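Breakdown of the fold
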Amino acid sequence: MADTIFKKIINKEIPADIVFESETVLAFRDINPKAPTHILIIPKLEIPTVRELNGKEHGPLLGEMIDAANLIAKNEEISADGFRLVFNCGNNGGQEVYHLHMHLLGGRQMTWPAG
Ligand code: 5GP
């Protein structure tokens, strides 16, 4: 199967505005931001969707993604006012890129329900 755009970003084959990188997690600014701060936090491991996750196997990795989100939110100065974390899953979830990613959105008042 062809590499996803996010796999190419992990491999540094295409550029991205990277704000955080560890052995297991990468975070970079969304190319089409939906909020003043919009960052995508992804595992380097290729997991297509939330459907392939299970707590026993992926709990530590998900924890690292949350730790990254909290660190980035502080660095971006959106932590105190609050922010939103989103996983879109599959067609009805509005997922476009089939490499697991968590959206970190902040810098404005979010509305609910999400569209
Ligand atoms: P999804 O709809 O799958 O949850 O979110 C995919 C996100 O990836 C979208 O917000 C979209 O703007 C972003 N995106 C798609 N292609 C690229 C790219 O090449 N670079 C970056 N930085 N973001 C991308």
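Conventions adopted
- Residues numbered from 1 in each chain as written.
- Predicted model: local features only at pLDDT ≥ 70, side-chain atom pairs only at ≥ 80, totals over all residues.
- Heavy atoms only, no water.
- Near = heavy atom within 4 Å.
- Polar contact = N/O pair within 3.5 Å; in protein donor to acceptor, adjacent residues only side chain to side chain.
- Areas by Shrake-Rupley, 256 points an atom, 1.4 Å probe, with all protein chains shown as cover.
- 1 Å grid on protein atoms, 1.4 Å probe; cavity = no way out; pocket = protein on both sides within 12 Å on 5 of 7 lines; lining within 4 Å.
- Sits in = over half its atoms within 2 Å of the grid points.
- Points joined across faces, edges and corners; volume = space filled by probe spheres on them.
- Helix = DSSP H or I, 4+ residues; strand = E, 2+ residues; numbered from the N terminus.
- Nonpolar A, V, L, I, M, F, W, Y, C, P; charged D, E, K, R; others polar.
- Contact = heavy atoms within 4.5 Å.
- Core = buried A, V, L, I, M, F, W, Y, C linked by side-chain atoms within 4.5 Å.
- Buried < 20%, exposed > 50% of the residue type's maximum accessible area, 1.4 Å probe, protein only.
- Pairing = 2+ DSSP bridges.
- Axes fitted to C-alpha atoms, helices over the stretch in contact; angles between N-to-C directions.

1. Remarks on the site of the ligand
Close to the ligand lie 17 residues, the nearest being Asp30, Asn88, Glu96, His101 and His103. Here an oxygen atom of the ligand sits 2.5 Å away from a polar atom, N or O, in the side chain of aspartate 30. Between the ligand and glycine 94, the relevant distance is 3.0 Å, taken from an oxygen atom to a main-chain nitrogen or oxygen of the residue. The protein chains hide 87% of the 520 Å² of surface that the ligand would expose on its own. Among the detected pockets, the ligand sits in the largest pocket.

2. Brief notes about the layout of surface pockets
Each pocket or cavity is described by its volume, and for the largest pocket that value is around 840 Å³. Forming the walls of the largest pocket are 32 residues, and the residues nearest its centre are Asp30, Lys34, His38, Leu40 and His103. Ranked by residues supplied to the lining of the largest pocket, first place goes to helix α1 (residues 5–10) with three residues. In terms of residue class, the lining of the largest pocket is made up of 15 nonpolar, 10 polar and seven charged.

3. Topic: the side chain of glutamine 95
Structurally, the position occupied by glutamine 95 is in the loop between α3 (90–93) and β5 (102–106). Among the polar contacts listed, one links the side chain of glutamine 95 to the backbone oxygen of valine 97, at a separation of 2.9 Å. What glutamine 95 contacts, discounting residues up to four positions off in sequence, is Pro48, Thr49, Asn88, Cys89, Gly90 and His101.

4. Observations regarding the nonpolar core
With 17 residues, the main nonpolar core has Val25, Ile41 and Ile72 as its most contacted residues. At the level of secondary structure, the elements contributing two or more residues to this core comprise β2 (25–29), β3 (37–43), α2 (55–75) and β5. Here the element with the most residues in this core is α2; it accounts for six residues. Those residues in contact with isoleucine 41 that sit more than four places away from it in its chain are Val25, Leu26, Ala27, Met65, Ala68, Ala69, Ile72, His101, Met102 and Leu104. Core analysis: the next-biggest nonpolar cluster, separate from the first, contains eight residues, Ile10, Leu26, Phe28 and Ile42 among them.

5. Observations regarding the sheet that holds β5
Reading across from one edge, β1-β2-β3-β5-β4 is the order of the five strands in this open sheet, with antiparallel pairing throughout. Since the sheet does not close on itself, it has two edges, and those belong to β1 (18–21) and β4 (83–86), each with one partner. In this sheet, neighbouring strand axes are inclined to one another by 20 degrees on average, regardless of whether the strands run parallel or antiparallel. Packing against the sheet, α2 makes contact with β1, β2, β3, β4 and β5, and its axis sits at approximately 155 degrees to β3.

The analysis is restricted to geometry; functional conclusions fall outside its scope.
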